[in-house]
Amino acid sequence: MSWIRCTGLGFIAALYMLAGRWGMHRLAAAEVETNLFLELRLWIVICGGVFAAVGLLHRARREARPGESRFDPPLIAAMLAFLGYMAASATWSPDFDFSLTKVYDVMLVAVMCVGFALACLRQPAPRTLDTFWAIVVVATGLLAIAGIKQLLAGGGGARLAVMNGGPNIFARLMGLLTMGALYFWYWRGQTWLWIPVAASGVMLTLLTGSRGGSVAIIAGITTCLVVGRVPVRRLLLLTLLATVAITVVAMFSPLGEALSNSFQERFLRLTLNYEVGAGGAGSSEGKVYLSGREVLYERAIQLGKDYPVAGAGLAAFPALRLGVYPHNLFLEIFCEGGAVGLLLFAAFIATFVRSAFLRRQGLDGATVGAAVLVLLGSQSSGDLYDSRALFLLMVMASATADPARKPAQSGPPLPHPLPQPSYTGAA
């Protein structure tokens, strides 16, 4: 029964994080109106609620045992305070009816995260994480294969993306693939398998041309290694194998040219030597190309200045026809939730950092690294609901910290010293 619960919970958490707003109505040939009841996320959260009820029953029956998931009341309270405030801000939004859809988004995030924390109770923490990351790696691995096929079929000229999603979304998914590979490498070993997979995730992120995604994946990997306190020996082996894998792909596969073009166009020309105007007219060397986001940033900042304390209300940015969303999580919170929203969000982040420090023994570096990846990635793409993985990953990392869990050995164990004969009483 425990195996079924852990497997089901890990599957639901992974599906919730990956499915987004996808629904069965998107399979229709013609454009149809969005039906919330046909969206996977509603039924995923309902399933999570069922598992949470079972978790509460187990909690009432017996005390926690070593190695089982733990509830984190301060973290849950800080998260609910922030999400609750953002939902309540819909009452002073310029279009209350329009903001109800976003209230629904926020409430789904809250219910899913609390449900996961309760469903984990009295369950072996490693088993839940194993299933979660296995589903993430399989799903993102299949998307990676689809993306490579699509890129090669198109001649390697376009930015990498799949299933009508943008390059930034694909970059985040490839970041999760990398984090999943590092998770299994850290806890299971099998360096020959997981390090090339992780390197592939990094390479595919670069192929998307997403600069924010590339920075996020570097920060996520660094966090994973620091939190996991990876020994220098394993770190050197990781670096060597990852470098070899990327070099081989870049030099001896059709992806090499696409990788070179993406790096030169997105990272060198548009970031370090951006020129305004067709044909290079109107040079503004030193200016960074932001794909038009600078206009959204300016509008969000101005809206936040107009309502500095409590914000303009949930979904005020699109309601005022300033744009779909600001493409920056902090600016979105500032313009719609004001300084109060930013303080509550900062309190949530600080509470997680405190919990991570207190539970640092057995804390999973890959899960924390994935949370950092999503947090940084949300500063250039997506809205509050698109950052749902941030809240779930933080709750997951805190709940599943297991001090007794040991990482895989980087090499053969050292031989035990032979027992020495005792000469006590010898003449």
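Residues numbered from 1 in each chain as written. Predicted model: local features only at pLDDT ≥ 70, side-chain atom pairs only at ≥ 80, totals over all residues. Heavy atoms only, no water.

A. Here's a closer look at the packing of helix H3 (residues 73-88) against helix H4 (residues 96-119). Relative orientation of the contacting elements H3 and H4 amounts to 165°, with a least axis distance of 9 Å. Between H3 and H4, the crossing angle belongs to the class labelled roughly antiparallel. In this structure, H3 meets H4 at a crossing whose hand is left-handed. Across the interface between the two elements, Ile76, Met79, Leu80, Leu83 and Ala87 from H3 touch Val103, Val106, Met107, Val109, Ala110, Cys113, Val114 and Ala117 from H4. Of the residues that constitute the contact of H3 with H4, the class distribution is 13 nonpolar, no polar and no charged. (Axes fitted to C-alpha atoms, helices over the stretch in contact; angles between N-to-C directions. Helix = DSSP H or I, 4+ residues; strand = E, 2+ residues; numbered from the N terminus. Parallel < 35°, antiparallel > 145°, perpendicular 65-115°, else oblique. Left-handed = near helix turned anticlockwise from the far one by under 90°. Contact = heavy atoms within 4.5 Å. Nonpolar A, V, L, I, M, F, W, Y, C, P; charged D, E, K, R; others polar.)

B. Layout of the nonpolar core. In terms of nonpolar packing, the biggest core is built from 103 residues, with Phe345 and Phe391 touching the most fellow members. If sequence neighbours within four positions are ignored, Phe391 has contacts with Met79, Phe82, Leu83, Val109, Cys113, Phe345, Phe348 and Leu384. (Core = buried A, V, L, I, M, F, W, Y, C linked by side-chain atoms within 4.5 Å. Buried < 20%, exposed > 50% of the residue type's maximum accessible area, 1.4 Å probe, protein only.)

C. Representation of the side chain of Glu336 within the structure. Tracing the backbone through its elements, the reader meets Glu336 in helix H13 (residues 329-358). Using a relative accessible area of 1% as the deciding quantity, one classes Glu336 as buried.

D. Focus on the confidence of the model for the chain. Mean pLDDT over the chain stands at 83; residues scoring 70 or higher make up 79%. At the low end of the mean pLDDT range in the chain sits helix H10 (residues 255-272), at 61; at the high end sits H3, at 97. Segment residues 410-414: pLDDT under 50, and four contacts once partners within four positions in sequence are set aside and those in other chains are kept. (pLDDT = per-residue confidence, 0-100.)

E. Just the pattern of salt bridges, in detail. Here the structure, examined in full by the defined rule, presents nine salt bridges. Lys102 serves as the salt-bridge partner of Glu332, at 2.3 Å between the closest nitrogen and oxygen. With Glu332 in helix H13 and Lys102 in helix H4, this pair connects stretches of sequence that are 230 residues apart. Across the salt bridge formed by Arg405 and Asp130, the nearest N and O atoms sit 3.2 Å from each other. Separated by 275 residues along the polypeptide, Arg405 in the segment after helix H15 (388-399) and Asp130 in helix H5 (residues 125-153) bring together distant segments of the chain. Linked by salt bridges that have partners in common, Arg21, Glu39, Arg41, Asp105, Asp383 and Asp386 make up one network. (Salt bridge = Lys/Arg side-chain N within 4 Å of Asp/Glu carboxyl O.)

F. Geometry of the packing of aromatic side chains. Under the definition given, this model contains eleven aromatic pairs. With a centroid separation of 6.2 Å and an interplanar angle of 25°, the aromatic rings of Trp133 and Tyr183 are classed as stacked. Taken together, the residues Trp133 in helix H5 and Tyr183 in helix H6 (residues 167-188) connect sequence positions 50 residues apart. The exposure class of Tyr183 is buried, given its relative accessible area of 0%. With a centroid separation of 5.3 Å and 25° between ring planes, the pair formed by Phe348 and Phe391 is classed as stacked. (Phe/Tyr/Trp six-rings, centres within 6.5 Å; stacked < 30°, edge-to-face > 60°.)

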